[in-house]
Amino acid sequence: MNVRILNSREDLNATAATVIASLLLSKPQAMLGLATGSTPIGIYRHLADMYRRGQVSFARAYSVNLDEYVGLSPEHPQSYRSFMNEHLFQHIDIPISHTRVPDGNALDLTAECVAHEQAILDHGPVDLQLLGIGHNGHIGFNEPGHSLTGATHVVDLKERTRSANARFFGDIDAVPRQAVTMGVGTILKAKQIILVAFGAEKADILKQALTGPVTTECPASLLQCHPNVLILLDQEAGGWLK
Ligand code: GLP
């Protein structure tokens with residue numbers, strides 16, 4: 001794994017955005033695997049700025065998102081579809097028909113999981129997968145446990161994940177109990193992975209994920225098995241590596 005510790009969050013956001021923009025310059029029809037959470041917001045802001053300055057175009061690109069809450073309609077303000085529209089898609093030139101976020105409100109969630117995998121097969125493989133990391137080591141919504149699922153599937157969210165994400169909902173009871181997520185097998189099929197993390201509260205789990213054993217109890221540790229992973233950390237998250 002290639003680990004870089006940046007001086008500031010701004011540097012980190014700019015570095016990640018530059019890697020994504022460079023890919024699109026060399027491969028305009030690239031498929032991007034996108035993430036939600038607070039971590040990628042600054043990266044998306046940078047990409048939107050680069051688009052406005054004419055430095056990058058998404059007109060031929062495809063995107064596929066990692067995950068979505070079960071039971072939220074795409075229009076729900078806390079759905080990951082709304083998040084992506086608000087923080088990225090409405091600011092750039094990607095055709096919305098080229099973007100895919102799982103539909104957590106689908107009547108047949110099993111069919112929705114199959115459709116998500118199929119969309120990746122149709123326009124993929126994912127050229128670059130952007131990841132954050134949960135406080136318990138989850139990637140996407142692949143929660144720690146005795147086993148992990150390879151393909152896109154429905155997952156029960158851990159209480160720790162629900163409470164971490166309650167800040168977006170205002171009230172823990174409003175946080176969905178399940179999500180649709182790409183599996184770790186799907187994530188690891190991406191040609192390149194960029195994991196981004198900042199803040200001291202991510203330092204311990206990053207230490208486990210990057211230097212501990214590869215284990216289903218820390219899903220991000222499986223990234224150690226991928227041949228092309230870039231880890232971008234700020235000083236607070238990655239200072240322990242020095
Ligand atoms: C959610 C998302 C993950 C994300 C994680 C961390 O659970 N499903 O993809 O990595 O939150 O979020 P944050 O960046 O807000 O710390």
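Look up a bit, the structure's there.
Small disclaimer: the values here were computed from a predicted structure and weren't measured.

Peer 1: Got a sec to walk through the overall build of the protein? Specific residues and values, please.
Peer 2: Counting secondary structure elements, the protein contains eight helices and 10 strands. For the protein, the spread of C-alpha atoms along the principal axes amounts to about 50 × 45 × 35 Å. Residues counted as buried form 55% of the 242 residues belonging to the protein. When contacts within the protein are restricted to residue pairs at least 6 apart in sequence, those whose partners lie at least 24 apart make up 77%. Just so you have it, the protein exposes about 10300 Å², and 52% of that area is on carbon and sulfur atoms.

Peer 1: Please set out the sheet that holds strand β5 (residues 99–100) residue by residue, giving values where relevant.
Peer 2: If you walk across this open sheet you meet the seven strands as β1-β10-β9-β6-β2-β3-β5, and the pairing is parallel. Of all the strands in the sheet, the pair left with one neighbour each is β1 (2–6) and β5. Bridging between β1 and strand β10 (residues 229–234) involves five bridges; their strand directions are parallel. Looking at the pairing, V3 lines up with I231 of β10.

Peer 1: How would you summarise the pairing of strand β7 (residues 153–156) if you had to cite specific residues and measurements?
Peer 2: Of the two faces of β7, only the one carrying H153 and V155 is buried; V154 and D156 on the other face are not. Here β7 pairs with strand β8 (residues 178–181) via four bridges, running antiparallel. Across the sheet, the residue bridging to H153 is T181, located in β8.

Peer 1: Could you give an account of the packing of helix α1 (residues 9–26) against helix α2 (residues 41–52), naming the residues involved and the relevant values?
Peer 2: Look at α1 against α2: their axes get within 8 Å of each other, and the N-to-C directions meet at 55°. Considering their axes alone, α1 and α2 lie oblique with respect to each other. Helix-helix and strand crossings are classified by hand; for α1 and α2 the assignment is right-handed. Each of E10, N13, A14, A16, A17, I20 and A21 in α1 lies in contact with α2, whose residues at this interface are G42, I43, R45, H46, L47 and M50. In terms of residue class, the contact of α1 with α2 is built from eight nonpolar, three polar and two charged.

Peer 1: Can you lay out the site of the ligand for me, pointing to particular residues and giving the numbers?
Peer 2: The local shell around the ligand holds 14 residues, among which S38, T39, D67, R167 and K202 are the closest. Within the side chain of S38, an N or O atom sits 2.7 Å from an oxygen atom of the ligand. Here the shell around the ligand is composed, by residue class, of three nonpolar, eight polar and three charged.

Peer 1: Can you lay out the side chain of T36 for me, pointing to particular residues and giving the numbers?
Peer 2: Along the chain, the position of T36 falls in the loop between β2 (31–34) and α2. Among all residues touching T36, those that are not within four sequence positions of it are N65, D67, Y80, F83 and M84.

Peer 1: An account of the sheet that holds β8 is requested, with residue identities and associated values reported.
Peer 2: What the three strands build is an open sheet, ordered β4-β8-β7; its pairing is antiparallel. At either end of the open sheet lies a strand with only one pairing partner, and these are β4 (67–69) and β7. On average, each strand axis in the sheet is inclined to that of its neighbour by 25°, with strand direction left out of account. For β4 and β8, the ladder comprises three bridges, and the chain directions are antiparallel. Across the sheet, Y69 pairs through a bridge with A179, a residue of β8.

The rules we used
Residues numbered from 1 in each chain as written. Predicted model: local features only at pLDDT ≥ 70, side-chain atom pairs only at ≥ 80, totals over all residues. Heavy atoms only, no water. Helix = DSSP H or I, 4+ residues; strand = E, 2+ residues; numbered from the N terminus. Buried < 20%, exposed > 50% of the residue type's maximum accessible area, 1.4 Å probe, protein only. Contact = heavy atoms within 4.5 Å. Areas by Shrake-Rupley, 256 points an atom, 1.4 Å probe, with all protein chains shown as cover. Pairing = 2+ DSSP bridges. Axes fitted to C-alpha atoms, helices over the stretch in contact; angles between N-to-C directions. Parallel < 35°, antiparallel > 145°, perpendicular 65-115°, else oblique. Left-handed = near helix turned anticlockwise from the far one by under 90°. Nonpolar A, V, L, I, M, F, W, Y, C, P; charged D, E, K, R; others polar. Near = heavy atom within 4 Å. Polar contact = N/O pair within 3.5 Å; in protein donor to acceptor, adjacent residues only side chain to side chain.

No statement about biological role is implied by the geometric values presented.
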